[in-house]
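Each chain, written out:
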Amino acid sequence: MRIIAAWVQRLWEAWDVRGLALVSLTVQINLILFGARRKYIRSTWIQVVVWSMYMMADWVAIFSLGKLSDIAANVDSCTTPNNNNAVPNNNQLKALWAPLLLLHLGGPDTITAYSVEDIRLVLRHVLGLLFNVGLALYVFLGFWTGALHWIATLAFPLFVAGIVKYGERSWVLWRANDVFPQPRLPIRFGNARKISDDLGVDRDSDLKTLTLSYIWLQALVPCFTGSKSTNYKVTPSEITKMIWGNDEGEAAFKISKFQLGFLYDMLYTKANSIYTTSGCIVRLVSFVCVVTALLGFSIFGSHDYTDADVCITYVLLVGAVVLEVYAIILMIYSDWVLIWLSRHCKNPFWKNVFRFLAPKLFWRGKRWASSLPTLNLLNESLYDEKPAILYRISKHFGLHEKLKAYTCRREVDDFKSVKKLIMEEVKYQLEKFGQRGMLHLYPDERGKCALGRHQVGHQRCQWNGITCKESSDHPDWCIDRSFDISIVIWHLATSYCYYAIDAHQESSSRKGAKLMSDYMMYLLVSRPHMFGDNVAPCDLGAIIGCYAQLMEDTARKHSSSQKEFSKRICDSILTYEPEFCTRKYGRSSNMGSLEYGRIPIDVRELAATLMSDKYMDRKWEMISQVWAEMLCYAASKSKYETHLQELVRGGEFISQVWLLLLIHGLVKGSPTNFLRSLFLSAINIGDGCN
């Protein structure tokens, strides 16, 4: 008894190679369309599409070559004996498909590696190059009957294009692995300190910002590995005028977006090859070879073969030409072309070309993820176990916490208040160092500096009958806890202050503090590796265990919006006695540790301090400064490898903060020869902008 129906088996035998070749072309189209979009789209669907297409690309092409080799091995049984000039075998047309599959194995220009792990497996790609080229040659020679057939003539340029593109991909991966995590820039600037004047564009234009960002990145790349041998090509005044303008930090973060985009291209695309002389030659050779093969096939290949094979060959050739043309268009409308033109602006001819083409070629769309992911622990959905089936399945595989964190995540598009607060924090640190006349790494205070500015804890504070800790007994008790616990305590206390009072009084500090609080909580739960080795992953289950029953009771009594629900939760938990919290929730079976069990008590005491009359007028200023200091501290302790790895997921805002700190010498590895004059200039310009 056959398990597979006979008609299915016949269909597979007739269309296996044909279908696989078309699938391989479809995969290449998806990769070139979506490969670069993951740079500025943080959605899961783009990650799933790119990952699945990337994993299928090589597998489908190699499997197709294997099927073709099987057909080539049996081609003699299908030909007329003793007559090489007889009517050609229909399978001979498939000899052209082998070099086209090599072209697919070369991959699109928009993606060469899905992640850093693929870069480190470069030797596997080189071995695959040798094996697959040999397999494609075997397939072609197996179909060749010995006569100088037109198929052999058309296959030659296709083999040239396929080997060149496949070899380029392996070379790009080899180069990326050889220099990771210090990528090489394909376009190098000389001593171009007056490059902004040579551009002939407005000082505040995006074109100038783009060019100076690249030149600046050229100096910063060696800092990734702690090298001190950097040669800055821009003056401090050019940098500080751009960063410390009257745009509340937008220019600084625009620069970091450009630089992170360049880093992504150098590590995960063919940018290291495309924008060089050899890369342009490869593109020209590949395009000419594919077009020549298409024209030749349109003249000689429309007879003597089955219509299905002829149509599929046309689709593969036309698809190859379209992919080449689309790749050239992407290359032209890229920031790299503008960088190349700006590098040659000292030449009057190229300067005029730049002035004419730059406004037309400058891409004004998205270059980086422009939203801020947030997670709030007072979200009612975190404590909801519905739908029950999905919750049970995810819990069985240990994924229920990640699933809850993902479903409760919210993307915020407008977070200018956060950028402004970060810039104010960096400026404060620069001013403090400027008064000392020396550079330091970012302090390990984690919020103590901000609290010290407001003299928190120097006396007992009361609010609603709750007395906070006294500094003489335990100064800065909420900061001295482990960093992950401190984030949770401050996050919940900030949420309480946000929902419990001042619900209708929106200010820049209040909004910024709430967004940074939710963003730090998102990082702690979903991206703990961004904090470096100093933070353990957050035990979300333990936190949920502390508040699960309280959330359930509140939800049962009140049915309202999320905002009203959060306000009622705040009112409820702050009126409970500490002993009640410890007894009923802190020692539940879901509690990960006693440290997590004390969180409700510590949140209660911190909220009492923040809501007391002493700090009521400057409460949000103080909270926002604490969160800005915490975020900058986390960025300063993060590893540069994690930022480069996170580029493939749309990047994180903390990476932009890390670049900002690196620029101003507040991160380990930043050189001091140039930065000493930089931060002194920043202080002067920053003061002039106020």
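From a predicted model like this one, the values you see are computed outputs, not experimental measurements. (Residues numbered from 1 in each chain as written. Predicted model: local features only at pLDDT ≥ 70, side-chain atom pairs only at ≥ 80, totals over all residues. Heavy atoms only, no water.)

A few points about the overall build of the protein
Along the protein, the regular secondary structure elements total 31 helices and 4 strands. Counting only residues that meet the buried cut, the protein has 56% of its 690 residues in that class. Just so you have it, the protein exposes about 29900 Å², and 57% of that area is on carbon and sulfur atoms. (Helix = DSSP H or I, 4+ residues; strand = E, 2+ residues; numbered from the N terminus. Buried < 20%, exposed > 50% of the residue type's maximum accessible area, 1.4 Å probe, protein only. Areas by Shrake-Rupley, 256 points an atom, 1.4 Å probe, with all protein chains shown as cover.)

What to know about the pattern of salt bridges
Tallying each qualifying case throughout the model produces 16 salt bridges. A salt bridge links aspartate 58 to arginine 169, with the shortest nitrogen-to-oxygen separation between them at 3.2 Å. In this pair, aspartate 58 is assigned in helix 2 (residues 44–73) and arginine 169 in helix 6 (residues 150–179), connecting sequence segments 111 residues apart. Here aspartate 58 falls in the partly exposed class, since its relative accessible area comes to 21%. Overall, arginine 169 belongs to the buried group, its relative accessible area being 5%. A salt bridge links lysine 270 to aspartate 109, with the nearest nitrogen and oxygen atoms 3.8 Å apart. Residue lysine 270 is found in the loop between helix 10 (250–268) and helix 11 (271–274), and its partner aspartate 109 is found in the loop between helix 3 (97–105) and helix 4 (116–120); the two are separated by 161 residues along the sequence. Each of Asp109, Glu168, Lys270 and Arg283 takes part in a single network of salt bridges with overlapping partners. (Salt bridge = Lys/Arg side-chain N within 4 Å of Asp/Glu carboxyl O.)

Considering the packing of aromatic side chains
Here the structure, examined in full by the defined rule, presents 17 aromatic pairs. A ring pair is formed by tryptophan 59 and phenylalanine 63, whose centres lie 5.4 Å apart and whose planes are at 10 degrees; its orientation type is stacked. Of this pair, tryptophan 59 and phenylalanine 63 both sit in helix 2, 4 residues apart, which is roughly one turn of that helix. Look at phenylalanine 63 and you get partly exposed, because its relative accessible area is 33%. (Phe/Tyr/Trp six-rings, centres within 6.5 Å; stacked < 30°, edge-to-face > 60°.)

Digging into a nonpolar patch on the surface
Taken together, the side chains of Ile3, Ile4, Trp7, Val8, Leu11 and Trp15 make up a nonpolar region of the molecular surface, amounting to roughly 680 Å² of accessible area. Residue classification places isoleucine 4 among the exposed positions, given a relative accessible area of 52%. (Patch = residues over 30% accessible without salt bridge, like charges linked within 9 Å, V, L, I, M, F, W, Y side chains within 5 Å.)

Digging into the side chain of aspartate 484
Tracing the backbone shows aspartate 484 in helix 21 (residues 483–500). Within the buried set, aspartate 484 has no salt-bridge partner at all; the shortest N-O distance to an opposite charge, 7.6 Å, is to arginine 446. Within the structure, aspartate 484 has its side chain in polar contact with the side chain of serine 482 (distance 2.8 Å). (Lys, Arg positive; Asp, Glu negative; His and termini not counted. Polar contact = N/O pair within 3.5 Å; in protein donor to acceptor, adjacent residues only side chain to side chain.)

Regarding helix 30 (residues 653–663)
With 11 of 11 residues buried, helix 30 is to be regarded as a mostly interior element. Burial in helix 30 covers these residues: Phe653, Ile654, Ser655, Gln656, Val657, Trp658, Leu659, Leu660, Leu661, Leu662 and Ile663. Positive backbone phi, approximately 75 degrees, marks glycine 665, located one or two places after helix 30.

A few points about the side chain of aspartate 518
Mapping aspartate 518 onto the fold places it in helix 22 (residues 508–526). Here aspartate 518 falls in the buried class, since its relative accessible area comes to 6%. Excluding residues within four positions of it along the chain, aspartate 518 makes contact with Thr374, Leu375, Asn376 and His491. (Contact = heavy atoms within 4.5 Å.)

Here's the deal with the nonpolar core
Ranked by internal contacts, the top residues of the largest apolar core, which has 129 residues, are Ile422, Trp490, Met520, Phe531 and Phe653. Take this core: its biggest share by element is 13 residues, from helix 21. Non-local contacts of tryptophan 490, meaning those with residues more than four positions away in its chain, are made with Leu451, Cys478, Ile479, Leu606, Leu610, Ile623, Val626, Trp627 and Met630. Ranked by size, the runner-up nonpolar core spans 49 residues in total, among them Trp97, Trp150, Val321 and Ala327. (Core = buried A, V, L, I, M, F, W, Y, C linked by side-chain atoms within 4.5 Å.)

Thoughts on the packing of helix 21 against helix 22
It is the contact of helix 21 with helix 22, at a shortest axis distance of 9 Å, that shows an interaxial angle of 145 degrees. Crossing of helix 21 against helix 22: the hand is left-handed. Of the residues in helix 22, those touching helix 21 at Phe483, Asp484, Ile487, Val488, His491, Thr494, Ser495, Tyr498 and Tyr499 are Arg510, Ala513, Lys514, Ser517, Asp518, Met520, Met521 and Leu524. Among the residues making up the contact of helix 21 with helix 22, the classes are represented as 9 nonpolar, 4 polar and 4 charged. (Axes fitted to C-alpha atoms, helices over the stretch in contact; angles between N-to-C directions. Left-handed = near helix turned anticlockwise from the far one by under 90°. Nonpolar A, V, L, I, M, F, W, Y, C, P; charged D, E, K, R; others polar.)

Here we look at the environment of leucine 666
Counting through the fold element by element, leucine 666 comes out in the loop between helix 30 and helix 31 (675–688). The spacing of leucine 666 and cysteine 632 is 34 residues in sequence and 9.6 Å in space, taken between C-alpha atoms.

Here's the deal with the packing of helix 12 (residues 277–300) against helix 13 (residues 307–332)
At a minimum axis distance of 10 Å, the contact between helix 12 and helix 13 shows a crossing angle of 155 degrees. In terms of orientation, helix 12 and helix 13 fall into the roughly antiparallel class. For the crossing formed where helix 12 meets helix 13, the hand is left-handed. Taking contact as the criterion, the partners of Arg283, Ser286, Phe287, Val290, Val291, Ala293, Leu294, Phe297 and Ser298 in helix 12 are, on helix 13, Val310, Thr313, Tyr314, Leu317, Val318, Ala320, Val321, Glu324, Val325, Ile328 and Met331. A per-class count over the contact of helix 12 with helix 13 returns 15 nonpolar, 3 polar and 2 charged. (Parallel < 35°, antiparallel > 145°, perpendicular 65-115°, else oblique.)

Quick notes on the confidence of the model for the protein
For the protein, per-residue confidence averages 76 on the pLDDT scale, and residues scoring 70 or more make up 68% of the total. Low pLDDT (under 50) marks residues 457–475, which in the prediction has 33 contacts with non-local residues, meaning those over four places away or in another chain. (pLDDT = per-residue confidence, 0-100.)

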